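Results of the structural survey
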Amino acid sequence: MSLLIKNAFLDGKTVDIFIKNGKFEEIFPHLDISQTDEILDAKGMGIFPAFYNTHCHSGMSALKGLGDGKGLFDWLNEEIFPREAKLTPEDIYNASRLSILEMIKTGTVFFADMYFSPEETIKAVEEMGVRAFISFVQFDLFDKEETKRRKKQALEFILKENPCPDRILKGVSCHAVYTVSEDLFKWTADFAKEKGFYVHIHANETQKEVKDCLEKYGKRPIEMLYKWGILTPKTLLAHCVHLNDTEMDIMAETGAFSATCPCSNMKLGSGFYPYLKMKEKNILQTIGTDGVSSNNNLNMLEEMKFTSLMAKGRAYDASVATASEVFKMATENGAKSFGFKAGKIKEGYLADFMLVDLNHYSMKPGYDLVSNLVYSASSEAIQTVACQGKILMKDRVVDSEDEILAKAEYLFNKLKDI
Ligand SMILES: [Zn+2]
């Protein structure tokens, strides 16, 4: 499979780009290649790396718009958990497809997911052509029988054949310290080391989580995760809002990386992520949207802008979290954190990219295109999106969009009166 892109604007120059076997093979001002499967004229378009969203619950798109104005715990207990109990595997498949549709439309080709029925999300990812980290979720609520059951299910999930290993990473999530027992954390830590997979955890999202953890264990969440041996360079800690210096030092020492989710944190009134201190501690920082039901979209353009603005506001310093820094978090850092050589338009890198209409009103004038992408771009300017060299959206058209939207309407009708 090969693709020749003609006349794309990259780093101030117009170039041709040849993509072969999913990677950028050659980038040069003029390429004369006759043997290619497809040619795409990108005149008037800028080429940029596509986004890597490192914290998501794709099956939650069925629950968008519920419980506005509630904090995390009331929102979960009153709005989300009762409805999640009614979701069938097929509902989760359809909700995942709706999320993936939104991600493709807004320039994202990778997401790190944490949700029930992960096999359904795997099916949706495989069919729609994106890349993902899909995890089995540990959530035992300190019930010993449930702990046993979860261990068995996690084992089965990991051992089951991966239908698409070049685009899908499988792993395990431990939901949070307030929903997962010490036994299950320790077991997952050992299992992850044995099999070499990534682990995804909600950490230090709210003040209540930290306070409850201190009362229960006498230590803070990240200190407990360290004690249980689950922090490694393959551990993704989502949120990381309320961290002290010791916890940041632990992250730096173990190589565990963060996914900030500013929209969700602000919408649920959870607080502000400590971007500057994390940077000073050299912690690998990435960006996630969280589930669409607490955001309420999966648009990484917005998430980059909020990451930057929140960091500037928190530091009382406009020079903090520049556009290029947060763009790197949303592309190169996200890819690097999961071991993908992607996030740059460069020979030898995975061809995960988007073509952006530079004549769109939101990209004009073009003094600094990365600044435009972070602070002013509309997702409508993103015309084409590709993952591993395969085009998933062309001229803003994604296959099967109408069918996905029809299923979303069915989910709304099913869940609205619960
Ligand atoms: Zn989350």
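Residues numbered from 1 in each chain as written. Predicted model: local features only at pLDDT ≥ 70, side-chain atom pairs only at ≥ 80, totals over all residues.

1. As for the sheet that holds strand 10 (residues 199-203)
- Spatially, the eight strands line up as an open sheet ordered 6-7-8-9-10-11-12-13, and their pairing is parallel. Edge strands, defined here as strands with exactly one partner in the open sheet, are strand 6 (51-56) and strand 13 (285-287). Put simply, the sheet's adjacent strands are angled 25° from each other on average, direction ignored.
- The pairing of strand 7 (residues 108-114) with strand 8 (residues 131-138) spans five bridges and is parallel. Residue pairing for strand 8: A112 is matched across the bridge by F133.
- Along the sheet, helix 3 (residues 118-128) makes contact with strand 7, strand 8 and strand 9 (168-174), crossing strand 8 at roughly 175°.
- Together, strand 6, strand 7, strand 11 (235-239), strand 12 (257-260) and strand 13 form the strand contacts of helix 12 (residues 323-337), whose direction differs from that of strand 13 by roughly 115°. (Pairing = 2+ DSSP bridges. Helix = DSSP H or I, 4+ residues; strand = E, 2+ residues; numbered from the N terminus. Axes fitted to C-alpha atoms, helices over the stretch in contact; angles between N-to-C directions. Contact = placed C-beta atoms within 7 Å.)

2. Here's the deal with the nonpolar core
- Ranked by size, the top nonpolar core spans 128 residues in total, and within it A8, I47, V130, A330 and V385 carry the most contacts.
- Ranked by residue count, the leading element in this core is helix 2 (residues 89-105), at seven residues.
- Built from parts of two domains, this core gets at least three residues from each of domain 1 (2-49 + 349-396) and domain 2 (51-337).
- Each residue touching A330, except ones within four places of it in the same chain, is listed here: F51, Y52, I287, M300 and M304. (Core = buried A, V, L, I, M, F, W, Y, C linked by C-beta atoms within 7 Å. Buried ≥ 20, exposed ≤ 12 C-beta atoms within 10 Å, placed from the backbone. Domains from an automatic or database assignment.)

3. Notes on the pairing of strand 2 (residues 13-20)
- Two strands pair when backbone bridges link them, and strand 1 (residues 2-10) and strand 2 are joined in this way by seven bridges, in the antiparallel orientation. What sits directly across from F9, in strand 2, is T14.
- Once strand 1 ends, the chain turns through two residues before running back antiparallel as strand 2, passing D11 with a positive phi of about 50°.
- Bridge count between strand 2 and strand 3 (residues 23-28): five bridges; the pairing is antiparallel. Within strand 3, the residue paired with F18 across the bridge is E26.
- What sits between the antiparallel neighbours strand 2 and strand 3 is a turn of two residues, in which N21 has the positive phi angle 50°.

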